[in-house]
Amino acid sequence: MRGIRAAGTALVLAGAMLGTAAGTAGAAPAESPRAAAACPTGWGSGAKTGGDVMGADHLTDVRTGRHECYDRMVFDVPGGGQVGYHVQYVDRFYADPSNQYIPVTGGAILDIAVGAWSYDLEAGVPTYPGKVGKPLPGVNVSGYSTFRDAKFGGTFEGQTQVGLGVRARLPFRVLQLDDRVVVDVAHSWTS
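Residues numbered from 1 in each chain as written. Predicted model: local features only at pLDDT ≥ 70, side-chain atom pairs only at ≥ 80, totals over all residues. Heavy atoms only, no water.

## Overview of the packing of aromatic side chains
The line we're drawing: Stacked, tilted and edge-to-face pairs are distinguished by plane angle, under 30 degrees for stacked and over 60 for edge-to-face with tilted covering the rest, among Phe, Tyr and Trp rings (Trp via its six-membered ring) whose centres lie within 6.5 Å. Helical segments are the DSSP runs of H or I of at least four residues, strand segments are the runs of E of at least two, and each set is numbered from the N terminus. The classification of residues rests on relative accessible area computed with a 1.4 Å probe and restricted to protein chains. Under 20% of the type maximum is buried, over 50% is exposed, and intermediate values are partly exposed. Charge-over-ring contacts are defined here by two conditions on Lys NZ or Arg CZ: a distance within 6 Å of the ring centre and an angle within 35 degrees of the ring normal.
Tallied over the entire structure, the rule returns five aromatic pairs. With centroids separated by 5.6 Å and ring planes inclined at 75°, the aromatic side chains of Y89 and F172 adopt a geometry described as edge-to-face. Of this pair, Y89 sits in strand β4 (residues 85-90) while F172 sits in strand β10 (residues 172-177); the two residues are 83 residues apart in sequence, bridging distant segments of the chain. Each member of the pair, Y89 as well as F172, is classed as buried. Aromatic pair Y128 and F152: ring centres 5.9 Å apart, planes at 40°, arrangement tilted. Here the residue Y128 occupies a position in the loop between β7 (125-126) and β8 (147-156), and F152 occupies one in strand β8, the gap between them amounting to 24 residues. Judged by its relative accessible area of 3%, Y128 falls in the buried class. When its relative accessible area of 3% is taken as the criterion, F152 is described as buried. Above the face of the F172 ring, K48 is positioned so that its terminal group lies 3.9 Å from the ring centre. For the cation-ring pair, R92 lies above Y101, with the distance from its terminal atom to the ring centre recorded as 3.8 Å.

## Looking at the nonpolar core
Filter applied, for reference: By nonpolar core is meant a set of buried Ala, Val, Leu, Ile, Met, Phe, Trp, Tyr and Cys residues that side-chain atoms within 4.5 Å join together. Two residues qualify as a contact provided that any one of their heavy atoms is within 4.5 Å of a heavy atom in the partner residue.
Counting residues in hydrophobic clusters, the biggest one holds 31 residues, and the most contacted among them are M73, F75, L110, I112, L136, L164 and V185. For this core, the secondary structure elements donating two or more residues are β3 (70-76), β4, β5 (108-114), β8, β9 (159-166), β10 and β11 (180-186). Among the elements that line this core, the one with the most residues is β5, at four residues. Filtering out sequence-adjacent residues up to four positions away, I112 remains in contact with M73, F75, H86, V87, T160, Q161, V162, L164 and V183. If you look at the next biggest cluster of nonpolar residues, it comprises six residues, including V90, A95, I102 and I109.

## Overview of the pairing of β5
Worth spelling out the cut-off: Strand pairing requires that DSSP identify at least two bridges connecting the strands.
Counting buried positions along β5 yields seven of seven residues, so the element is predominantly enclosed. Across six bridges, the pairing between β4 and β5 is antiparallel. Note that in β5 the partner of H86 across the bridge is A113.

Written as structure tokens, this is what we have:
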């Protein structure tokens, strides 16, 4: 009987050690939520405006990048200083002022207006080679967490318009930096 008790005690101790090891192993993924919590939150999804959306300078490039917490779109306007913008979610994307419907894929669409021409009226040449209703030149958003599509809306009265398709209506922020406007769209509401 004593041998059975000793074997039973050994099994209980072994089970406790396995339970402790499993508990420790199970606790390891708890680090991931803490890391995700370091991502910015609280940007909201309401319309955002900064500065004068009608500019005198010229858009020369639109580029994108992937970050740990968000996808980013950058509008380069050399010499533009603090470039104006207006960014908001819309149900459908229409080119201004023609009101031409431009299909943009994604669960939600951001209508982005940047205070810069994409065409030099004096020289008679484009400064950014976008074509109304077409994907943005040089921008490939395949493989992005949030971005799904990007279409050129055109340029009119000192403003250039882009339709950005995103996975869902997610929080976004707009940064107004010297010579550029940056639009960041979060990967989720909780990250």
